[in-house]
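Spelled out from the first residue to the last, the chains are:
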Amino acid sequence: MKTALKSIVRDPSLAPEGKLKIDWVQAHMPVLNQIRKEFERDQPFKGLRVAISLHLEAKTAYLAKVVQAGGAEVVITGSNPLSTQDDVCAALVEDGIAVYAKYNPDPQEYKNLMVKTLETKPDLIIDDGGDLVSILHSERQDLIAQVRGGAEETTTGILRLKAMEKDGSLKFPMVAVNDAYCKYLFDNRYGTGQSVWDGINRTTNLVVAGKNVVVNGYGWCGKGVAMRAKGLGANVIVTEVDAIRAVEAYMDGFTVLSMEEAAKVGEFFVTVTGNKDVIRGEHIAHMKDGAILSNAGHFDIEVNLVELAAMSVSKRVVRRNIEEYVLKDGRKIYVLAEGRLVNLAAGDGHPAEIMDMTFALQAIALRHVNENYESIGSKVVNVPYELDELVARTKLESLGIKIDTLSEEQKAYLDSWASH
């Protein structure tokens, strides 16, 4: 029998506001609603404890409730100090979910809340950026033995997990949810594309049309950011380190420049790489007065804020989620959301209908790893295609869309190597 858990949240009285947010997204997440019905019937997580580290807002909260409906005792923490919503946290506590999260805790408290989540000794994990898994393997190996496996949300997290698998340090299986078609084709492209500009526009209240927008990185997230910037009327410039993606951006109609050249003309900058030091002091030295820097990669390391601060004579908050750095020559550079994820730290994240598909993948991937962890072993594995397609088919059904199916004769033709 697992011991009862006591939550750590900022203000329990905010629960009614959080409940309204969760109710709203639930009404717009038909795929997850269908999975919830199956979980309530089958109880795949009965008797198990599931730890979740994701951006703790309403859509994540509903995922937690769906996992809970499958019989799990759920404990949840944030994956970014500025994306946690205190009212949502309070609402989850009222629903019997243990929460260790607050909006904008100091760095040590943020880390402590993650550790506290792991100290509940979960059987399964849903992670974002590999933070929980990293802490388990580097600092709290005493808590690993009970973990059956988990699922990872992001490109950054999967890169970390594959590095661990490669050097033999990974101790349990993880499903690479980010690599599923229904994740990167829709969440990374359409979700990031819309939510990044939601965050930038609501924060700056400035026009995008006619401006030079520099998108650093042309992976699936970068494709979405560039596509939506074009739709807003921007002149879009892409920077890349991958020659194939650079050619793709060029053929998609975007200007491709080195960062050194792009820095001279950009007015909005959006980093979407998952790597560090994408925008450095050497680039900032060439930027226009009034340039706006933002990040849509996982961690707050893509814009080198240490170098920016060293080049500045003053820094102040000029608007919520906008910091103004005044350089020694008088130019002003603006950083959104402290260089953290602009779509979540300065917005509400991806649209509910997008996260419906992604979190449906998370839920069924968690069920998959729980049912197969012994046979999978300590590896990073993809979401099985049939589960990926199941999410897409459920999405189509919710939209009232029907598609064709192959006849037996057509299947035989595709499976045959002989001449016809």
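So, how was this worked out
Residues numbered from 1 in each chain as written. Predicted model: local features only at pLDDT ≥ 70, side-chain atom pairs only at ≥ 80, totals over all residues. Heavy atoms only, no water. Helix = DSSP H or I, 4+ residues; strand = E, 2+ residues; numbered from the N terminus. Rg over C-alpha atoms; globule rule 2.2 N^0.38 Å. Buried < 20%, exposed > 50% of the residue type's maximum accessible area, 1.4 Å probe, protein only. Areas by Shrake-Rupley, 256 points an atom, 1.4 Å probe, with all protein chains shown as cover. Domains from an automatic or database assignment. Contact = heavy atoms within 4.5 Å. Buried area = accessible area lost by both parts, 1.4 Å probe. Salt bridge = Lys/Arg side-chain N within 4 Å of Asp/Glu carboxyl O. Polar contact = N/O pair within 3.5 Å; in protein donor to acceptor, adjacent residues only side chain to side chain. Axes fitted to C-alpha atoms, helices over the stretch in contact; angles between N-to-C directions. Parallel < 35°, antiparallel > 145°, perpendicular 65-115°, else oblique. Nonpolar A, V, L, I, M, F, W, Y, C, P; charged D, E, K, R; others polar. Patch = residues over 30% accessible without salt bridge, like charges linked within 9 Å, V, L, I, M, F, W, Y side chains within 5 Å. Pairing = 2+ DSSP bridges.

Assigned secondary structure in the protein chain consists of 17 helices and 15 strands. A globule of 420 residues ought to have a C-alpha radius of gyration of about 22 Å, and the protein chain, at 22 Å, matches this closely. Considering only C-alpha atoms, the protein chain reaches an extent of 65 × 65 × 45 Å along its principal axes. Taking all 420 residues of the protein chain together, the buried fraction comes to 54%. Surface exposure of the protein chain reaches about 18900 Å², of which carbon and sulfur atoms provide 51%.

With domains assigned, the protein chain is organised as domain 1 (12-185 + 350-399) and domain 2 (190-346). Domain 1 and domain 2 are separated by 29 Å when their C-alpha centres are compared. Across the boundary between the two partners, domain 1 contributes 19 residues, which contact 17 residues of domain 2. Among the residues of domain 1 in contact with domain 2, L82, T156 and H350 are the three that bury the most area, contributing 34% of the side total. Here domain 1 is connected to domain 2 by zero salt bridges. Between the two partners, domain 1 and domain 2, sit three residue pairs in polar contact (both at pLDDT 80 or more). Secondary structure elements with two or more residues in the side of domain 1 that touches domain 2: α7 (155-166) and α8 (181-204).

Taken N-terminus to C-terminus, the directions of helix α1 (residues 15-26) and helix α4 (residues 86-94) make an angle of 90°; their axes are 7 Å apart at the nearest point. Classified by the angle their axes make, α1 and α4 are roughly perpendicular. Residues A15, E17, G18, K19, K21 and I22 of α1 lie in contact with α4, whose contacting residues are D87, V88, A90, A91, L92 and E94. Looking at side-chain class alone, the contact of α1 with α4 contains six nonpolar, one polar and five charged residues.

On to unusual backbone geometry. A positive phi is found at Q43, a non-glycine position, where the angle reads about 50°. Tracing the chain through its elements places Q43 in the loop between α2 (30-42) and β1 (49-53). Here the phi dihedral of E338 falls at roughly 60°; this positive angle occurs in a residue that is not glycine. Note that E338 resides in the loop between β14 (332-336) and α14 (342-345).

Together, V247, Y250, M251 and V256 make up an exposed nonpolar region whose accessible area comes to about 430 Å². Considering each element in turn, the nonpolar patch owes the most residues, three residues, to helix α10 (residues 243-251). With respect to the helices and strands, the residue V247 is situated in helix α10.

Looking now at the pattern of salt bridges. Enumeration according to the criterion identifies 27 salt bridges in this entry. Its salt-bridge partner being E323, residue K315 comes within 3.8 Å of it at the nearest N-O pair. On the basis of relative accessibility, which here comes to 13%, the residue E323 falls in the buried class. Between K411 and E408 there is a salt bridge, and its shortest N-O distance comes to 3.5 Å. On the criterion of helical spacing, the pair formed by K411 and E408 is a turn pair, its members being three residues apart in helix α17 (residues 408-415).

Position of S83 among the secondary structure elements: in the loop between β2 (73-77) and α4. Side chain to side chain, S83 and H55 meet in a polar contact 2.8 Å long. Residue contacts for S83: discarding those within four places in its chain leaves H55, L56, E57 and L344.

Across the sheet, which stays open at both edges, the seven strands sit in the order β3-β2-β1-β4-β5-β6-β15 with parallel pairing between neighbours. For this open sheet the edge positions go to β3 (98-100) and β15 (380-382), each flanked by a neighbour on one side alone. Recorded for the sheet is a direction-independent mean angle of 20° between the axes of neighbouring strands. With three bridges joining them, strand β6 (residues 174-176) and β15 adopt parallel strand pairing. Counted as the bridge partner of A176 is N382 from β15. Across the sheet, helix α3 (residues 58-69) lies against β1, β2 and β4 (124-127), angled at about 160° from β2, the strand it touches most.

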